[in-house]
Amino acid sequence: MVESLVKISKVALIRVDKKPTTVFRHPRHIHPPSELKYIEGGAHLMGVESILLDGWVNLWTPGALAQKVPSSCDIAVIKGMSYCLEESMALARLLKNKGIITLAVGQFVSHAAQQTPLGWRDVFDISVLGEPEVQVIELFNQLNSQLETERQNEIIDNYNKNFVLQNEIYIENPMKLPALKITREELRNYPFPFPMRGK
């Protein structure tokens, strides 16, 4: 729920994760957070500024991540996994204390919809169940098109009802997704972990 009219002009896109060897014994390929990159692309087309923080690459603590999110951000999109539930909720709590709206996406939302953790609704204002790439941008557009706080809260309630009812929304037309833009500098953060046979 928002207490005053929200205008989405700057968003933080955050992946919360752990060092692969602490969760899996088998080597795990670290890949770019594609869902957040699609949301980044959609936000750019809207004229919305974004900052992307990948906790899988830098392994920041929730406190360190929260410090890196500017207070000027209107909303934070937090992508988490079930094994990072506590860290994700701790981050959301810190961001809410900074006055930033918190939005949960990713696998841990599906897990939470089946068995909602204690305190989930206290730290996440919005829970987007299913594939978030299109839903989140639609949410931003819907919120920015409204001039009344009451109507914005109705929109947020509709997304949260899908979460409660376990109504997962999927992308119907992937061809309408914005083009992914990943720089060479970004790709250096995601090396393939297995040895490659030379020619």
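Reading the values: the criteria
- Residues numbered from 1 in each chain as written.
- Predicted model: local features only at pLDDT ≥ 70, side-chain atom pairs only at ≥ 80, totals over all residues.
- Heavy atoms only, no water.
- Helix = DSSP H or I, 4+ residues; strand = E, 2+ residues; numbered from the N terminus.
- Rg over C-alpha atoms; globule rule 2.2 N^0.38 Å.
- Buried < 20%, exposed > 50% of the residue type's maximum accessible area, 1.4 Å probe, protein only.
- Contact = heavy atoms within 4.5 Å.
- Areas by Shrake-Rupley, 256 points an atom, 1.4 Å probe, with all protein chains shown as cover.
- Lys, Arg positive; Asp, Glu negative; His and termini not counted.
- Charge placed at Lys NZ, Arg CZ, Asp CG, Glu CD.
- Axes fitted to C-alpha atoms, helices over the stretch in contact; angles between N-to-C directions.
- Parallel < 35°, antiparallel > 145°, perpendicular 65-115°, else oblique.
- Left-handed = near helix turned anticlockwise from the far one by under 90°.
- Nonpolar A, V, L, I, M, F, W, Y, C, P; charged D, E, K, R; others polar.
- Salt bridge = Lys/Arg side-chain N within 4 Å of Asp/Glu carboxyl O.
- Pairing = 2+ DSSP bridges.
- Phe/Tyr/Trp six-rings, centres within 6.5 Å; stacked < 30°, edge-to-face > 60°.
- Polar contact = N/O pair within 3.5 Å; in protein donor to acceptor, adjacent residues only side chain to side chain.

In terms of regular secondary structure, the chain is built from nine helices and five strands. Here the C-alpha radius of gyration of the chain, 17 Å, is about what a compact globule of 199 residues would show, namely 16 Å. In terms of overall dimensions, the chain has C-alpha extents of about 60 × 35 × 35 Å along its principal axes. Counting the 199 residues in the chain, one finds 44% classified as buried. Considering only contacts within the chain whose residues lie at least 6 apart along the sequence, 78% involve residues at least 24 apart. Split by element, the accessible area of the chain, about 11300 Å² in all, is 52% carbon and sulfur. Placing the 22 positive and 22 negative side-chain charges of the chain at their respective mean positions leaves the two points 10 Å apart.

With their axes 10 Å apart at the nearest point, helix 7 (residues 132-144) and helix 8 (residues 149-164) run at an angle of 160 degrees to one another. Comparing their axes, helix 8 and helix 7 come out roughly antiparallel. Crossing geometry of helix 7 relative to helix 8 is assigned as right-handed. Facing helix 7, whose interface residues are Q135, E138, L139, Q142 and L143, helix 8 presents Q152, I155, I156 and Y159. Classifying every residue of the contact of helix 7 with helix 8 gives five nonpolar, three polar and one charged.

With that settled, consider the pattern of salt bridges. By the definition in use, this model includes eight salt bridges. Two residues, E40 and K37, come together in a salt bridge whose shortest N-O distance is 2.7 Å. Here E40 and its partner K37 are both found in helix 1 (residues 34-46), three residues apart, which amounts to about one turn of the helix. Across the pair D125 and K96 runs a salt bridge whose closest N-O atoms are separated by 2.7 Å. Separated by 29 residues along the polypeptide, D125 in the loop between helix 6 (120-123) and strand 5 (126-127) and K96 in helix 4 (residues 85-97) bring together distant segments of the chain.

Our next topic: the pairing of strand 1 (residues 10-15). Looking along a regular strand, one sees side chains alternate from face to face of the sheet. For strand 1, the buried fraction is high: six of the six residues fall into the buried class. Note that strand 1 and strand 2 (residues 49-54) share six bridges and pair parallel. Paired with K10 across the strands is E49, a residue of strand 2. Note: strand 1 against strand 3 (residues 75-79), five bridges, orientation parallel. By the bridge assignment, L13 is partnered in strand 3 with V77.

Backbone hydrogen bonds hold the strands of a sheet together, and the pairing may be parallel or antiparallel. Spatially, the five strands line up as an open sheet ordered 2-1-3-4-5, and their pairing is parallel. Here the strands that pair on one side only, and so sit at the sheet edges, are strand 2 and strand 5. Each of strand 1, strand 3, strand 4 (101-105) and strand 5 is contacted by helix 7, which is oriented at about 155 degrees to strand 4, the strand it contacts most.

Take the packing of aromatic side chains next. Using the criterion set out here, one finds four aromatic pairs in the structure. Judged by centre distance (5.2 Å) and plane angle (65 degrees), the ring pair of F108 and W120 falls under edge-to-face. Taken together, the residues F108 in helix 5 (residues 107-114) and W120 in helix 6 connect sequence positions twelve residues apart. Residue F108 shares its accessibility class with W120, and that shared class is buried. Taking the centre distance of 5.8 Å and the plane angle of 80 degrees together, the rings of F108 and F124 count as edge-to-face. You can see F108 sitting in helix 5 and its partner F124 sitting in the loop between helix 6 and strand 5, a full 16 residues away along the chain.

Once that is clear, we can look at the side chain of K10. Position of K10 relative to the elements: it lies in strand 1. Of note is the side chain of K10, whose polar atom sits 3.1 Å from the side chain of S72.

Okay, the side chain of N153 next. Along the chain, N153 turns up in helix 8. Judged by relative accessible area, which is 11%, N153 ranks as buried. A distance of 2.6 Å separates a polar side-chain atom of N153 from the backbone nitrogen of V2. In contact with N153, not counting residues within four places along its chain, are M1 and V2.

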